[in-house]
Amino acid sequence: MAEQKELEKLRAQDQREIKALKKELQRKEKALAEMAALLVLQKMWEAYCSEVAES
């Protein structure tokens, strides 16, 4: 019986850790997507500026 309670405690702890890791992963994926969008905008801006400079 004590082993069962210990296993349940460990399982609950693992579930909390998994939840925290998933939340961190979502945060990092969002930051990565934002950086990718900023890089695309930067490249577009550089292309625009070089085009204007050539005109």
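Structure's up top.
Below or above, wherever it landed, is the structure these notes cover. (Residues numbered from 1 in each chain as written. Predicted model: local features only at pLDDT ≥ 70, side-chain atom pairs only at ≥ 80, totals over all residues. Heavy atoms only, no water.)

Some remarks on a nonpolar patch on the surface
Step number 1: Nonpolar side chains collect at one region of the surface, where Met35, Leu38, Leu39, Val40, Leu41 and Met44 lie side by side and expose about 580 Å² of accessible area between them.
Step number 2: Looking at the element boundaries, Met44 is found in helix α1 (residues 2-54).
Step number 3: Residue classification places Met44 among the exposed positions, given a relative accessible area of 52%. (Patch = residues over 30% accessible without salt bridge, like charges linked within 9 Å, V, L, I, M, F, W, Y side chains within 5 Å. Areas by Shrake-Rupley, 256 points an atom, 1.4 Å probe, with all protein chains shown as cover. Salt bridge = Lys/Arg side-chain N within 4 Å of Asp/Glu carboxyl O. Helix = DSSP H or I, 4+ residues; strand = E, 2+ residues; numbered from the N terminus. Buried < 20%, exposed > 50% of the residue type's maximum accessible area, 1.4 Å probe, protein only.)

Examining the environment of Glu24
Step number 1: Residue position: Glu24 is located in helix α1.
Step number 2: Classification of Glu24 by relative accessible area gives partly exposed; the value is 33%.
Step number 3: A sequence separation of 25 residues divides Glu24 from Cys49, and the C-alpha atoms of the two residues are 37 Å apart.

A few points about the pattern of salt bridges
Step number 1: This model, assessed by the stated rule, comprises one salt bridge.
Step number 2: Salt-bridge contacts for Lys28 lead to Glu24; the nearest nitrogen and oxygen are separated by 3.0 Å. Taken together, the residues span about one helical turn, with Lys28 and Glu24 both in helix α1 at a distance of four residues.

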